[in-house]
Amino acid sequence: SAIDAGLNVIDTAECYKTSEELIGRTMSHRRGDYYLFTKCGHASGLDGEDWDPNMLEASIDRSLKRLRTDYVDLLQLHSCSKELLERGEVIEVLRKAKEAGKTRYIGYSGDRDAALYAVQCGAFDSLQTTVNIADQQAIELTIPEAAKRGMAVIAKRPVANVAWKTRRRP
């Protein structure tokens, strides 16, 4: 019903428990009706460490299988460190996935110095970053840089996540 009401983007991640499976099972028959985004980087049950290039490749393929599609519109690295981005291996895995047609665009989902590096390195098509009333750092740090480069920006946590920052749940 959300698609019928006009929703046209579904954003998930390999580490959001069973979300990819549920989306694939319920939405794959309407694949042309929405843009599909997912994030990768966490092993989430696969062999290997988070951010290991081989694990990352397997994670992307697993996401496509779970989502019951042969491509996503946007594949995003899920909040890895600036140091990992600087090494380049994780970016190269995403570039190869794009070249293979597994994604139309690649992006980085994260904040602060890592997000700024992701914008400035020129490897990504989009940035998904936190921006809300409780956390506005991106308004000065990364969003203007992304705008200068013509990068798409997706606001994440628009209603804030103060409960996560304090480790208390309401």
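Because the structure is a prediction, the values reported are computed rather than measured.

## Side note on helix H1 (residues 19-27)
Think of an α-helix as turning once every 3.6 residues; residues three or four places apart then point the same way. Among the residues of H1, Ser-19, Glu-20, Ile-23, Gly-24 and Met-27 are the ones counted as buried. Each buried residue of H1 sits inside an arc of 130° when the element is viewed along its axis, so together they form one side. On its buried face, H1 is in contact with strand S1 (9-11), strand S2 (35-40) and helix H2 (53-67).

## Describing the side chain of Thr-129
Its place among the elements puts Thr-129 in strand S5 (residues 126-130). Residues within four places of Thr-129 in sequence aside, it is in contact with Gly-110, Asp-111, Ala-115, Ala-138, Thr-142, Ile-143, Ile-154, Ala-155 and Lys-156.

## Remarks on the pattern of salt bridges
By the definition in use, this model includes 16 salt bridges. Glu-89 is paired through a salt bridge with Arg-87; the nearest N and O atoms lie 3.3 Å apart. Under the relative-accessibility criterion, Arg-87 is labelled exposed at 55%. With a closest N to O distance of 3.8 Å, Glu-92 and Arg-95 form a salt bridge.

## Let's talk about the sheet that holds strand S3 (residues 72-78)
Spatial strand order, S1-S2-S3-S4-S5-S6: six strands in an open sheet with parallel pairing. Taken across any chain shown, the strands that pair with only one partner, and hence form the sheet edges, are S1 and strand S6 (152-156). Direction aside, neighbouring strands of the sheet carry axes that sit 25° apart on average. Pairing of S3 with strand S4 (residues 103-109) involves six bridges; the strand directions are parallel. Paired with Val-72 across the two strands is Thr-103, which belongs to S4.

## Brief notes about the state of the cysteines
Inspection of every chain in the model, using the stated rule, returns zero disulfides. Considering cysteine sulfurs only, Cys-40 is the nearest to Cys-80, which forms no disulfide, with 9.0 Å between them.

## Thoughts on the environment of Gly-48
Structurally, Gly-48 is set in the loop between S2 and H2. In this structure the C-alpha to C-alpha distance between Gly-48 and Ala-58, which are ten residues apart in sequence, comes to 9.9 Å. The contact partners of Gly-48, leaving out residues within four places of it in the chain, are Ala-43 and Met-55.

## Examining the packing of aromatic side chains
The relation between two aromatic rings is expressed through the spacing of the ring centres and the mutual angle of the planes. The full count for this structure, using the stated rule, is one aromatic pair. Relative to Phe-124, the ring of Tyr-108 lies with its centre 6.2 Å away and its plane at 55°, an arrangement referred to as tilted. Linking Tyr-108 in strand S4 with Phe-124 in the loop between helix H5 (112-120) and S5, this pair joins segments that are 16 residues apart in sequence. For the pair shown, Tyr-108 and Phe-124 are each scored as buried. Against the face of Tyr-71 rests Arg-31, its NZ or CZ located 4.5 Å from the ring centre.

Rules and cut-offs
Residues numbered from 1 in each chain as written. Predicted model: local features only at pLDDT ≥ 70, side-chain atom pairs only at ≥ 80, totals over all residues. Heavy atoms only, no water. Buried < 20%, exposed > 50% of the residue type's maximum accessible area, 1.4 Å probe, protein only. Helix = DSSP H or I, 4+ residues; strand = E, 2+ residues; numbered from the N terminus. Arc of directions from axis to C-beta. Contact = heavy atoms within 4.5 Å. Salt bridge = Lys/Arg side-chain N within 4 Å of Asp/Glu carboxyl O. Pairing = 2+ DSSP bridges. Axes fitted to C-alpha atoms, helices over the stretch in contact; angles between N-to-C directions. Disulfide = S-S within 2.5 Å. Phe/Tyr/Trp six-rings, centres within 6.5 Å; stacked < 30°, edge-to-face > 60°. Lys NZ or Arg CZ within 6 Å of the ring centre and 35° of its normal.

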